[in-house]
Amino acid sequence: MSDNMLSKGLDPQGCIEREGSLGRVPHAFRPVVAAARDRLLDLFGARLHSAYLYGSVPRGTARVGRSDLDLLVALQHEPADADRDAVRALGDALDKEFPEIDGVGTLLYGRARLLSAAETYDLGWFVACMCTPLLGEDLAEYLPRYRPDSLLARETNGDLAELLPRWRRRIADADDTDAARGPLVRFMSRHLVRTGFTLVMPRWGGWTSDLTEMAEAFAAYYPERAEQLRAAALLGHEPTGDPAVLRSYVDDLGPWLADEYARVHGVKTPRP
């Protein structure tokens, strides 16, 4: 039983193990990680509570020239628009300076929100289980251990129905080029695969961040939709700019997944 838990991203008590570590950061990405750390300190100073890596870089699976650098930054107080502009500018500068990465994505929040009761099973879980500490005090010390249950499933991805109208607007507003649509395909593919996985996560009984593994876990419970999620997992790594893919996401797979998610787990609790 213990070996099975460990093989599915859980500790012997059945709680989700934290992903990633600084020790797993591939050598090629260490200079950009060091630069991000130093520049965040320079940018925010004493206003910075903590900073984290997440995604393929701290998991050790990043691909040179293909993977992005994902950061989460917690400030002592709620960020202002100027703070969001500043982290976007920092990300753009890192992306231009370091060819090893293909873009920088930075999530920016205040400490109080990350530790709030409303975010315990969403952003709190994300920090505690998906993020690798880079700077400051680790907020995971103030958060619970998490199990792959229906509560976690609902609060992490139970808002797909709310997101779909926004996705349709983003698709409509995008330039009619493969270059403009490719990032949308990548983002939406990944989101749908993760949502499909968390739909079945309590039955599967574990956690993984690998898109292929997520799609296969889903396929065991929804074989009629398996090929769609497998294809989305591939496009999450190697996106195309095919408009038909985006239409299928917002007109077919997305609405079905939102309805099934609500049936199985309910709808995500509205945030303030």
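Source: prediction; values computed, not measured.

Thresholds applied
- Residues numbered from 1 in each chain as written.
- Predicted model: local features only at pLDDT ≥ 70, side-chain atom pairs only at ≥ 80, totals over all residues.
- Heavy atoms only, no water.
- Buried < 20%, exposed > 50% of the residue type's maximum accessible area, 1.4 Å probe, protein only.
- Helix = DSSP H or I, 4+ residues; strand = E, 2+ residues; numbered from the N terminus.
- Pairing = 2+ DSSP bridges.
- Phe/Tyr/Trp six-rings, centres within 6.5 Å; stacked < 30°, edge-to-face > 60°.
- Salt bridge = Lys/Arg side-chain N within 4 Å of Asp/Glu carboxyl O.
- Disulfide = S-S within 2.5 Å.
- Axes fitted to C-alpha atoms, helices over the stretch in contact; angles between N-to-C directions.
- Left-handed = near helix turned anticlockwise from the far one by under 90°.
- Contact = heavy atoms within 4.5 Å.
- Nonpolar A, V, L, I, M, F, W, Y, C, P; charged D, E, K, R; others polar.
- Polar contact = N/O pair within 3.5 Å; in protein donor to acceptor, adjacent residues only side chain to side chain.
- pLDDT = per-residue confidence, 0-100.
- Core = buried A, V, L, I, M, F, W, Y, C linked by side-chain atoms within 4.5 Å.

1. Describing the pairing of strand β2 (residues 69–75)
Stage number 1. Judged by how many residues are buried, β2 sits mostly within the fold: seven of seven residues are covered.
Stage number 2. The alternating pattern of β2 places L69, L71, V73 and L75 and D70, L72 and A74 on opposite faces, both of which are buried.
Stage number 3. Pairing geometry for strand β1 (residues 48–54) and β2, over six bridges, is antiparallel. Within β2, the position partnered with Y52 by the bridge is L72.
Stage number 4. Judged from the seven bridges that link them, β2 and strand β3 (residues 104–110) form a sheet pairing that is parallel.

2. Side note on the packing of aromatic side chains
Stage number 1. On inspection of all chains with the given rule, the structure shows nine aromatic pairs.
Stage number 2. Ring centres of W125 and W207 lie 5.2 Å apart, and the angle between their planes is 75 degrees; this geometry places the pair in the edge-to-face category. With W125 in helix α6 (residues 123–130) and W207 in the loop between α9 (178–204) and α10 (211–219), this residue pair connects regions lying 82 residues apart in the sequence. Taken individually, W125 and W207 each receive the classification buried, so the pair is uniform in this respect.
Stage number 3. Both rings, one in F218 and one in W256, keep their centres 6.2 Å apart while their planes meet at 85 degrees; by these two values the pair is edge-to-face. With F218 in helix α10 and W256 in helix α12 (residues 243–265), this pair connects stretches of sequence that are 38 residues apart.
Stage number 4. The exposure class assigned to F218 is buried, which follows from its relative accessible area of 0%.

3. Quick look at the pattern of salt bridges
Stage number 1. This model, assessed by the stated rule, comprises 25 salt bridges.
Stage number 2. Here E155 and R154 are joined by a salt bridge, their closest N and O atoms 2.8 Å apart.
Stage number 3. The exposure class of R154 is partly exposed, given its relative accessible area of 24%.
Stage number 4. Here D176 makes a salt bridge to R181, at a shortest N to O gap of 2.5 Å.
Stage number 5. Classification of R181 as buried rests on a relative accessible area of 11%.
Stage number 6. Through salt bridges with shared partners, a single network forms among R113, E119, D122, R154, E155, D159, K268 and R271.

4. Regarding the state of the cysteines
In protein structure, a disulfide is the covalent linkage between the sulfur atoms of two cysteines.
Stage number 1. Enumeration over the complete set of coordinates arrives at zero disulfides.
Stage number 2. Distance from the sulfur of C131, which forms no disulfide, to the nearest cysteine sulfur (C129) is 9.5 Å.
Stage number 3. Classification of C131 by relative accessible area gives buried; the value is 0%.

5. Notes on the packing of helix α7 (residues 150–157) against α12
Stage number 1. For the pair α7 and α12, interaxial distance at closest approach is 10 Å and the crossing angle is 145 degrees. In this structure, α7 meets α12 at a crossing whose hand is left-handed. Residue-level contacts link S150, A153, R154, T156 and N157 of α7 to Y261, V264 and H265 of α12.
Stage number 2. Residue composition of the contact of α7 with α12, grouped by class: three nonpolar, four polar and one charged.

6. A look at the environment of R63
Stage number 1. Turning to its location among the elements, R63 is positioned in the loop between α3 (56–59) and β2.
Stage number 2. Distance from R63 to P26, taken between C-alpha atoms, is 9.1 Å for residues 37 residues apart in sequence.
Stage number 3. Excluding residues that lie within four positions of it along the chain, R63 makes contacts with F29, E100, H237 and E238.
Stage number 4. Within polar-contact distance, the side chain of R63 engages the backbone oxygen of H237 at 3.5 Å.

7. Digging into the environment of Y54
Stage number 1. Inspection of the secondary structure assignment puts Y54 in strand β1.
Stage number 2. Along the primary structure Y54 and L72 are separated by 18 residues, whereas in three dimensions their C-alpha atoms are 7.5 Å apart.

8. Here's the deal with the confidence of the model for the chain
Should pLDDT be low for a region, the predicted coordinates there are not to be read in detail.
Stage number 1. Chain-level statistics for the chain give a pLDDT mean of 95 and a share of 97% at 70 or above.
Stage number 2. Confidence drops under a pLDDT of 50 for residues 1–6, and excluding neighbours within four residues, the segment shows nine contacts in the predicted structure.

9. So, the nonpolar core
Stage number 1. In terms of nonpolar packing, the biggest core is built from 55 residues, with I16, L72, L114, W125, W167, W207 and Y249 touching the most fellow members.
Stage number 2. Take this core: its biggest share by element is 10 residues, from α9.
Stage number 3. Other than its neighbours up to four places away in sequence, Y249 contacts L164, V185, M188, S189, L192, A232, L235, G254 and P255.

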